[in-house]
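Notes for the structure review
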Amino acid sequence: MAYRSYILVCGGTGCESSHADKIYQNLKNEIEANKLSEQVQVIKTGCFGFCEQGPIVKILPENTFYVQVKPEDAKELVDEHIIKGRPVERLIYSASDDKNRKSVIAEEKDISFYQKQYRIVLRNCGMIDPEVIEEYIARDGYAALEKVLFDMKPEQVIDELKKAGIRGRGGAGFPTWMKWNFTKGATNSETKYVVCNADEGDPGAYMDRSTLEGDPHSVLEAMTIAGYTVGAQKGFIYIRAEYPLAISRLKIAIQQAKDMGLLGDNILGTDFSFDIEIRLGAGAFVCGEETALLASIEGKRGMPIPRPPFPATHGLWKKPTVINNVETYANIPMIILKGGDWFASIGTETSKGTKVFALTGKIKNSGLIEVPMGITLREIIYDIGGGIPNGRKFKAAQSGGPSGGVITEEFLDTPIDYENLAKLGSIMGSGGLIVMDEDDCMLDIAKFYLDFTVDESCGKCAPCRIGGKQLYGLLDKISQGNGELDDINKMEDISLAMQRASLCGLGQTAPNPVASTLRYFKDEYLEHITDKKCSAGVCKDLLQFNILKDKCVGCTVCARKCPVNAISGERKQPHEIDQNACIKCGECYEACKFQAITRG
Amino acid sequence: MTSTPALHQNSAEQQELLHNIVDSLKDQEGALIPILQAAQDSLGFLSTESLKTISKLLNMPYSEISGVVSFYSYFTTMPRGRYTIRVCLGTACYVRGGKQLLEELKKILQIEVGETTEDKLFSLEVGRCFGACGLAPVLMINDEIHQRVKPTKLAALLAPYKSENDSEATDESPKISQEDAQ
Ligand SMILES: Cc1cc2nc3c(=O)[nH]c(=O)nc-3n(C[C@H](O)[C@H](O)[C@H](O)COP(=O)(O)O)c2cc1C
Ligand code: SF4
Ligand code: SF4
Ligand code: FES
Ligand code: FES
């Protein structure tokens, strides 16, 4: 160890938005001011995962885990922790409800959020400076590439992936070794391509983004291994233009890898050459679909085309193309280094390894987690996530984004893998996991996703274009209190037509959120239709707020909270809501301490 | 990406800029989209005139180019305001109140999504996940992310952007009622 201490500052998007950069700068300045630059290194890393508690600062070798750090805390951290060797207690994670709480929790491994996690994909996130290739190399980076280039034949790489049993993490879960094998065996062209799908279209998910921000080299290394295995010389990373930080780190990583002879011509002195180019997505969800993505790289409108032929043989410019998701790639160097058998020892019968989830919504410890396949939702939500905040009750978790569905209380103990989730009417998807409580209306959630898919349908085929609009229209009608019982049958018919006749996955899976909420929450639909009620209190047209005269003490709190001045009344006199002015924001309902306001 | 565009470039300068962009990018395969992205990033938006220039330089039909531009939501053919406010409507933000934020902003700014205030100060857009879901609901003002935003705090949040602009501001700054400002 060249330094006596390391101060790791999270540079993930979440923490950056709470001024992590300023924290980093201040820490550096303090270290310099104290002439400690020779002994203490300040490093900006990728996301630690525990974004809810950000900005995060970790100090090694003690492993002290500081949360919610502010730029002005830098001086105290350096003066106390670094110079005097006394941890700054007030910044140490001590959520009063952490099961493991003793007094304060100083180390990551003692925090329940981390205990059930297992990190393969995120092995370097929060550990290294993603902009310094040497740090990646110091943690066995590019060792897998070296092993492949010098000790393995392409067939052996494919064998290892087959033993590992790794399946695509972009949604469909197709065995990766098969894809690589098809492209390797394709004889229709000498030119072949390797593509990384970093479009991450699922709204409410950021696994791929964090992986690229925190450990860009792992993906570059894996793509290069893919290139060697299938016989490609060129790779493309298709990434959303909305991810500026990930893009800039990728660019830096590509340049560094080239400078070190790990990318470009004659990699590591062999006669294998491979180059990687970045292409920016331009904001179309359908471009996450592989054929649409390839069309977009070619400079065209990103519309899906029917398969077969599959990209594996007829992909980019009709050449054989391997296309995998970011997370799929990030696993590969570890599989090569530790072996397929090691990887296959983690997970369930059909689903091996780990899965990264963006755990968000109504959950205490929201953040990015990596868990072994086969873990239960209960463990994720209650052990890792810390449960539902504000004393509310769990209602459902949604996985698979706009193509997925909900998982309810009764299935909390089902081991999570591709097959089990499909059986429950959801999908693994790319890793969005949104927790919902009793205040979320399932019909509204279905409507939210339909709104999204209607907006994002490319319009090429009628079942998706028209069916989606009709489904949305029916949901909207029901949410306004105009629903009829027959609407449910209509929705089922439209869903079926879309599933069967749409050209691509977007249209085929767009009805899933409706089908799934109908399956588990039919009562809630019926309540909207027959009682014209939304007991979650979400569908505004079915809501009314009223003040109970006998309970109101005239404290004026509600009137002051109301953003539109809809509440009137003298101090110490019962107040009243002007229903015409009320925008049903619910502020008053939340604010009243005397339960004098009703929602119904 | 949403950095303040140079709105007052005259057309000769624009032409030169487009020439340079096209020259530097046209040799790669599938160059159209990167060219359009670069053009929009430096000009702020893609005017009909710019698209015609690109069409000529690439020797590609205008209809093909405008087809690509209209397909992708990243491209805009209208000038944007000085600040683009993007409200995240990703799922995490949605269930934590993103929609209420959007409704309130529409009211404060008196514009709909995709529009720009009359004083050209603010444009309103929606986004789908900025990667800060742990801190939902979030919104972005140009490149800056604001997290855990409450509808009642929006006016205060916008205030600095308006005052920063005071030197150039005219009387018709966006309408914010006194009540909201508190
Ligand atoms: C509408 C639609 C959107 C998709 N979006 C993504 C995406 O954002 N990221 C991704 O990796 N795969 C996405 N996919 C899946 C890809 O088509 C493809 O299966 C995947 O990139 C293959 O990589 P994998 O085998 O590593 O999962 C999407 C599919 C559909 C139908
Ligand atoms: S299913 Fe929808 S998104 Fe897919 S091709 Fe058809 S219209 Fe386009
Ligand atoms: S619900 Fe909102 S708008 Fe209506 S009275 Fe209460 S605070 Fe005012
Ligand atoms: S962004 Fe810092 S912990 Fe996730
Ligand atoms: S859903 Fe809003 S930041 Fe992710």
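Predicted, not measured: the structure shown is a model, and the values here were computed from it. (Residues numbered from 1 in each chain as written. Chains lettered and ligands numbered in written order. Predicted model: local features only at pLDDT ≥ 70, side-chain atom pairs only at ≥ 80, totals over all residues. Heavy atoms only, no water.)

On to the sheet that holds strand 2 (residues 40–45) of chain A. Residue and element names in this part refer to chain A. Taking strand neighbours across the sheet as the criterion, the four strands line up as 2-1-3-4 in an open arrangement whose pairing is mixed. Of all the strands in the sheet, the pair left with one neighbour each is strand 2 and strand 4 (64–66). Strand-to-strand twist of the sheet, defined as the mean angle between neighbouring strand axes without regard to direction, takes the value 20°. Looking at chain direction, strand 1 (residues 5–10) and strand 3 (residues 57–60) are connected through four bridges and run antiparallel. Considered in strand 3, the bridge of V9 is made with V57. Strands in contact with helix 2 (residues 20–33) are strand 1, strand 2 and strand 3; relative to strand 2, the strand with the most contacts, it is inclined by about 170°. (Pairing = 2+ DSSP bridges. Helix = DSSP H or I, 4+ residues; strand = E, 2+ residues; numbered from the N terminus. Axes fitted to C-alpha atoms, helices over the stretch in contact; angles between N-to-C directions. Contact = heavy atoms within 4.5 Å.)

The environment of ligand 3 is made up of 13 residues, and the closest members are C562, C582, C585, G586 and C588 of chain A. In terms of residue class, the shell around ligand 3 is built from 10 nonpolar, one polar and two charged. (Near = heavy atom within 4 Å. Nonpolar A, V, L, I, M, F, W, Y, C, P; charged D, E, K, R; others polar.)

Another point: the sheet that holds strand 11 (residues 394–399) of chain A. Hydrogen bonds between backbone atoms are what pair the strands of a sheet, whose relative direction is either parallel or antiparallel. Residue and element names in this part refer to chain A. Read from one edge of the open sheet, five strands run 10-9-13-11-12, paired in mixed fashion. Two strands lie at the open edges of the sheet, namely strand 10 (367–372) and strand 12 (405–408), each paired on one side alone. On average, each strand axis in the sheet is inclined to that of its neighbour by 30°, with strand direction left out of account.

Turning next to the site of ligand 1. Residue and element names in this part refer to chain A. In the vicinity of ligand 1, 18 residues are found, and the nearest of them are G170, K179, N324, N325 and T328. One of the backbone N or O atoms of E200 is found 3.2 Å from an oxygen atom in ligand 1. When isolated, ligand 1 has an accessible area of 610 Å², and the protein chains bury 89% of it. Of all the elements in the fold, those that place two or more residues in the shell around ligand 1 are strand 8 (321–325) and helix 20 (505–509). For the shell around ligand 1, the leading source of residues is strand 8, giving three residues. Residues of the shell around ligand 1, tallied by class, amount to three nonpolar, nine polar and six charged. (Polar contact = N/O pair within 3.5 Å; in protein donor to acceptor, adjacent residues only side chain to side chain. Areas by Shrake-Rupley, 256 points an atom, 1.4 Å probe, with all protein chains shown as cover.)

Taken together, the 40 residues of chain B in the interface contact 56 residues of chain A. Interface of chain B and chain A: buried area, both sides summed, is about 3800 Å²; carbon and sulfur atoms make up 55% of it. If you look at where chain B meets chain A, you find three salt bridges. When the shortest N-O distance is used, the salt bridge between R128 of chain B and D455 of chain A registers 3.5 Å. One can count 18 residue pairs in polar contact (both at pLDDT 80 or more) joining chain B with chain A. Among the elements of the structure, helix 2 (32–43), helix 4 (62–71), helix 5 (91–95) and helix 6 (98–109) of chain B are those that each provide at least two residues to the side of chain B that touches chain A. Tallied by class, residues from the side of chain B that touches chain A come to 19 nonpolar, 12 polar and nine charged. (Buried area = accessible area lost by both parts, 1.4 Å probe. Salt bridge = Lys/Arg side-chain N within 4 Å of Asp/Glu carboxyl O.)

What follows deals with the side chain of S403 of chain A. Residues and elements named next belong to chain A. Examined against the element boundaries, S403 turns out to sit in the loop between strand 11 and strand 12. Overall, S403 belongs to the buried group, its relative accessible area being 17%. A distance of 3.0 Å separates polar atoms of two side chains, one belonging to S403 and the other to T509. Apart from residues no more than four positions distant in its own chain, S403 is found in contact with I427, T509 and N512. (Buried < 20%, exposed > 50% of the residue type's maximum accessible area, 1.4 Å probe, protein only.)

Moving on to the packing of aromatic side chains. Residue and element names in this part refer to chain A. Applying the stated criterion across every chain yields a total of 24 aromatic pairs over all chains. Among the aromatic residues, those joined into a cluster by ring pairs are F48, F50, F65, Y93, F113 and Y114. In this structure, K44 packs its charged tip against the face of Y24, placed 5.3 Å from the ring centre. One cation-aromatic arrangement involves K162 over W177; the distance from NZ or CZ to the ring centre is 4.4 Å. (Phe/Tyr/Trp six-rings, centres within 6.5 Å; stacked < 30°, edge-to-face > 60°. Lys NZ or Arg CZ within 6 Å of the ring centre and 35° of its normal.)

All names here are of chain A. Along the polypeptide, E213 turns up in helix 9 (residues 207–214). Its relative accessible area of 2% is what places E213 among the buried residues. For E213 and I23, which are 190 residues apart along the polypeptide, the C-alpha to C-alpha distance reads 18 Å. Beyond its immediate sequence surroundings of up to four residues, E213 is in contact with G12, T13, P130, L245, A246 and R249.

Attention shifts here to unusual backbone geometry. Note that the residue after L60 of chain A, namely P61 of chain A, is joined by a cis bond; omega there is 5°. Relative to the helices and strands, P61 of chain A resides in the loop between strand 3 and strand 4. A cis geometry characterises the amide bond from A136 of chain B onward to P137 of chain B, with omega recorded as -5°. Even without being a glycine, T556 of chain A presents a positive backbone phi close to 70°.

All names here are of chain A. Where helix 7 (residues 154–164) contacts helix 8 (residues 176–185), the two axes come as close as 8 Å, and the packing angle between them is 155°. With respect to helix 8, the element helix 7 is oriented roughly antiparallel. Remark: the crossing between helix 7 and helix 8 carries left-handed chirality. When helix 7 is examined against helix 8, the residues P154, E155, V157, I158, L161 and K162 are found in contact with a partner set consisting of T176, W177, W180, N181 and K184. Partitioning the contact of helix 7 with helix 8 into residue classes produces six nonpolar, two polar and three charged. (Parallel < 35°, antiparallel > 145°, perpendicular 65-115°, else oblique. Left-handed = near helix turned anticlockwise from the far one by under 90°.)

Before going further, it helps to spend a moment on the confidence of the model for chain B. A low pLDDT means the predicted coordinates there should not be read in detail. All names here are of chain B. Considering every residue of chain B, the mean pLDDT works out to 83; 84% of them sit at 70 or more. When the elements of chain B are averaged for pLDDT, helix 7 (residues 154–164) gives the smallest value, 86, and helix 3 (residues 48–58) the largest, 93. Scored below 50 in pLDDT, residues 1–8 shows 18 contacts in the model against residues more than four places distant or in partner chains. Scoring of the predicted complex yields 0.89 for pTM and 0.83 for ipTM. (pLDDT = per-residue confidence, 0-100.)

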